Amino acid sequence: MKDHSIAEQAASLRSKYPQYKVTSTHVGLKVLGNLQPTARSSVYAFELRYSLSISPEVKILSPALVRNWKGSYIPHTYPGNKLCLFRPIYGEFKRSDFIYETIIPWVSLWLYHYEVWHTTDTWYGGGEHPQIKFDNA
């Protein structure tokens, strides 16, 4: 499968999510949007950045991600509260994948599991993440 260009990624995002603000150059793109994982969930504002030289990076802008009622560190995050959505070493996201079909749904699913974790202190989203303690909220 051929890699999708930044222009193709941006066009597909604009088509699928016309309410999102998508800005792009020939080397990268930035997406600002909102997601609500369930009807009872909060609405989360997010920023996604992507270029052909780095994997997609997603940060939640608001509401701020916070530790749960036990004070546990937020699971599946990287420094700066960037979301851990996939393991690049396993090729779970490739440049031949469309962001609107992979990353955006994965962010929504991550947010759902984040909300459940807040109640249960258990991450039911599966996956694998190094047990590193970051200074996350």
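Note: the structure precedes this text.
Attention in this report is confined to the structure presented alongside it. Keep in mind it's a predicted model, so treat the numbers as computed, not measured.

### Notes on the layout of surface pockets
For step 1, the next point in the chain: In this structure, the largest pocket encloses a volume near 310 Å³.
For step 2, the next point in the chain: If you go around the largest pocket, you meet 15 residues; those closest to its centre are Cys84, Leu85, Phe86, Gly125 and Gly127.
For step 3, the next point in the chain: By residue class, the composition of the lining of the largest pocket is seven nonpolar, five polar and three charged.

### Some details on the pattern of salt bridges
For step 1, the next point in the chain: A full pass over the atoms with the stated rule returns six salt bridges.
For step 2, the next point in the chain: Between Lys82 and Glu57 there is a salt bridge, and its shortest N-O distance comes to 3.3 Å. With Lys82 in strand 6 (residues 82-83) and Glu57 in strand 4 (residues 54-62), this residue pair connects regions lying 25 residues apart in the sequence.
For step 3, the next point in the chain: Where Asp97 meets Lys94, a salt bridge forms, and the shortest distance between an N and an O atom there is 3.6 Å.
For step 4, the next point in the chain: Relative accessible area serves as the criterion here: at 15%, Asp97 is assigned to the buried category.

Analysis parameters
Residues numbered from 1 in each chain as written. Predicted model: local features only at pLDDT ≥ 70, side-chain atom pairs only at ≥ 80, totals over all residues. Heavy atoms only, no water. 1 Å grid on protein atoms, 1.4 Å probe; cavity = no way out; pocket = protein on both sides within 12 Å on 5 of 7 lines; lining within 4 Å. Points joined across faces, edges and corners; volume = space filled by probe spheres on them. Nonpolar A, V, L, I, M, F, W, Y, C, P; charged D, E, K, R; others polar. Salt bridge = Lys/Arg side-chain N within 4 Å of Asp/Glu carboxyl O. Helix = DSSP H or I, 4+ residues; strand = E, 2+ residues; numbered from the N terminus. Buried < 20%, exposed > 50% of the residue type's maximum accessible area, 1.4 Å probe, protein only.

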